[in-house]
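Listed here are the chains, written in short residue letters.
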Amino acid sequence: MAKIIYVLNGPNLNLLGKREPEIYGAQTLDDVRAMCEAAAAPKGLEIAFHQSNAEHVLIDWIHEAREAAAGIIINPAAYTHTSIAILDALNTCTCPVIEVHVSNIHKRESFRHHSYVSARADAVIAGCGVEGYLLALQRMATLCADA
Ligand SMILES: O=C1C[C@@](O)(C(=O)O)C[C@@H](O)[C@@H]1O
């Protein structure tokens, strides 16, 4: 049976491709989903791909992932910098967690430099564009194979 990897996306990422393309690029979230699904299949992984603008919905998916997922890849978007609740939810999970940011948050405004989620993440990928999701998936495959 394929291992399920949750790929969770936070607020405003539904506008990927339209939103500040000079920062986030031209590819849409549907493109990212398709890329992830295509990359996952040969690794024997299945993707559960979600996006929400609401913190509690993301938390509910993390709770679901506790039971269902072999790993979580999460771009918490702006909640990265504000949400102790998302950190707490991730701390209830025992599976590997990889944090992804399309942009390099450390090169941007100082309020983006701190991530609550990084306190739980096993790896952090930032500034690789949407390719960061594929890098995360590659690393997740290794972590899941080791498990
Ligand atoms: O919405 C986002 C997207 C982001 O997580 C990224 O993918 O680069 C970076 C965050 O600072 C920002 O709020």
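It should be emphasised that the depicted structure is a prediction, and the values quoted were computed from it without experimental measurement.

Peer 1: Could you give an account of the site of the ligand, with specific residues and numbers?
Peer 2: Taken together, Asn 12, Asn 75, Ala 77, Ala 78, Thr 80, His 101, Val 102, Ser 103, Ile 105 and Arg 112 make up the full set of residues near the ligand. Class assignment of the residues belonging to the shell around the ligand gives a composition of four nonpolar, five polar and one charged.

Peer 1: Which residues make up the packing of helix H2 (residues 29-40) against helix H5 (residues 131-146), and what values go with them?
Peer 2: Look at H2 against H5: their axes get within 10 Å of each other, and the N-to-C directions meet at 25°. Here H5 runs roughly parallel to H2, going by the angle between their axes. Relative to H5, the crossing made by H2 is right-handed. Judged by residue contacts, Val 32, Met 35, Cys 36, Ala 39 and Ala 40 of H2 engage Tyr 133, Leu 134 and Leu 137 from H5. Class assignment of the residues belonging to the contact of H2 with H5 gives a composition of eight nonpolar, no polar and no charged.

Reading the values: rules and limits
- Residues numbered from 1 in each chain as written.
- Predicted model: local features only at pLDDT ≥ 70, side-chain atom pairs only at ≥ 80, totals over all residues.
- Near = placed C-beta within 6 Å.
- Nonpolar A, V, L, I, M, F, W, Y, C, P; charged D, E, K, R; others polar.
- Axes fitted to C-alpha atoms, helices over the stretch in contact; angles between N-to-C directions.
- Helix = DSSP H or I, 4+ residues; strand = E, 2+ residues; numbered from the N terminus.
- Parallel < 35°, antiparallel > 145°, perpendicular 65-115°, else oblique.
- Left-handed = near helix turned anticlockwise from the far one by under 90°.
- Contact = placed C-beta atoms within 7 Å.

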